[in-house]
Amino acid sequence: MGSSTTKTVVVKCAACDGPMASPVFCDHCRRLYPAESLNHFELLGLKPTYDVDPADLRRRYLRVSRGVHPDHLQEQAADPAAGLRVSAQLNEAQRVLRDPVLRAEYLLELHGGKPASEDRRVPEGVLAKTMLLREEIDEARAHSDTDALGACRQTIQQSVDDTLAEITQLAGALPGNEAQRDALRAALNAMKYYQRLQSECASGS
Ligand SMILES: [Zn+2]
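What you see is a predicted model; the values in this text were computed from it and never measured.

(A) Geometry of the packing of aromatic side chains. The full count for this structure, using the stated rule, is one aromatic pair. Across from the ring centre of tyrosine 50, 4.5 Å away, lies the NZ or CZ of arginine 103, which sits over that ring. One residue, arginine 196, lies across the ring of tyrosine 193, its end atom 5.4 Å from the ring centre.

(B) Summary view of the confidence of the model for the chain. Summing up the model confidence of the chain, the mean pLDDT is 90 and the portion of residues at 70 or higher is 93%. No element of the chain has a lower mean pLDDT than strand S1 (residues 11-12), at 88, and none a higher one than helix H4 (residues 100-110), at 97.

(C) The arrangement of the nonpolar core in detail. Ranked by internal contacts, the top residues of the largest apolar core, which has 44 residues, are Val24, Leu43, Leu44, Ile167 and Leu184. Ranked by residues supplied to this core, first place goes to helix H7 (residues 178-202) with eight residues. If sequence neighbours within four positions are ignored, leucine 44 has contacts with Ala21, Leu57, Arg60, Tyr61, Val64, Leu90, Ala93 and Leu97.

(D) Geometry of the environment of aspartate 145. Looking at where aspartate 145 falls in the secondary structure, it is placed in the loop between helix H5 (126-142) and helix H6 (146-172). Only 3.0 Å separates the side chain of aspartate 145 from the backbone nitrogen of alanine 148, close enough to count as a polar contact.

(E) The pattern of salt bridges, seen in detail. On inspection of all chains with the given rule, the structure shows 12 salt bridges. Aspartate 119 is the salt-bridge partner of arginine 121, the closest N and O atoms lying 3.0 Å from each other. The partner of arginine 121 in a salt bridge is aspartate 182, with the nearest N and O atoms 3.9 Å apart. Pair noted here: arginine 121 is in the loop between H4 and H5 and aspartate 182 is in helix H7, with a separation of 61 residues, a long-range link.

(F) Fine view of the coordination of the zinc ion. Distances from the zinc ion to its protein donors, Cys13 (SG), Cys16 (SG), Cys26 (SG) and Cys29 (SG), fall at 2.3 to 2.4 Å. For the zinc ion, the four donor atoms are set out with angles of 102 to 119 degrees between them, so the coordination reads as tetrahedral. Sequence positions of the donors to the zinc ion reduce to the motif C-x2-C-x9-C-x2-C.

Rules of the game
- Residues numbered from 1 in each chain as written.
- Predicted model: local features only at pLDDT ≥ 70, side-chain atom pairs only at ≥ 80, totals over all residues.
- Heavy atoms only, no water.
- Phe/Tyr/Trp six-rings, centres within 6.5 Å; stacked < 30°, edge-to-face > 60°.
- Lys NZ or Arg CZ within 6 Å of the ring centre and 35° of its normal.
- pLDDT = per-residue confidence, 0-100.
- Helix = DSSP H or I, 4+ residues; strand = E, 2+ residues; numbered from the N terminus.
- Core = buried A, V, L, I, M, F, W, Y, C linked by side-chain atoms within 4.5 Å.
- Buried < 20%, exposed > 50% of the residue type's maximum accessible area, 1.4 Å probe, protein only.
- Contact = heavy atoms within 4.5 Å.
- Polar contact = N/O pair within 3.5 Å; in protein donor to acceptor, adjacent residues only side chain to side chain.
- Salt bridge = Lys/Arg side-chain N within 4 Å of Asp/Glu carboxyl O.
- Donors = N, O, S within 2.8 Å, 3.2 Å for Na, K, Ca; no water.
- Tetrahedral: all angles 85-135°; square planar, octahedral: opposite > 155°, others 65-115°.

Shown next, in the form of structure tokens:
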């Protein structure tokens with residue numbers, strides 16, 4: 001979705017003045033730059049926005065991965081493990097950014113929103129709903145009632161879908177104000193309850 005070029009951050013190489021696909025390496029003179037201070041978006045040459053096109057993300061990931069590979073770099077860096085560290089950082093960046101929930105969570109914290117460890121609130125009704133669902137699941141399992149279990153799975157999936165729609169809307173409006181960021185945190189916390197329930201429901205039958 002959206003044009004990828006508008007989300008691209010163009011950085012110029014300090015050595016050759018060439019445009020760089022990522023601030024971490026230069027395609028032209030094949031230099032490796034320090035990556036420690038870069039966030040996931042910066043590493044992949046993206047502006048920090050929620051709207052990320054998975055195909056574009058994949059292309060960027062592959063391009064930067066190739067770029068920081070020791071075979072591609074002109075000189076072995078003074079620190080031979082630097083490329084490996086960037087690769088690990090890249091894998092983590094891709095893992096987080098391609099997942100719509102993890103991406104929202106990451107972006108929220110980039111914009112100064114509270115992490116889950118500081119704000120565990122969930123929207124009203126979520127705890128009661130998940131508790132009830134858990135009871136229904138136990139009941140259905142106790143009676144080997146596959147229809148009832150299927151109905152539980154459907155209810156959970158619907159909750160996941162609804163919560164994701166809310167997350168998408170709130171994360172798309174970041175940075176927003178504090179109330180909006182708190183609402184996003186609450187929706188992300190709710191998502192964790194539903195996802196946990198979903199994986200519990202998927203294991204065994
Ligand atoms: Zn260069």
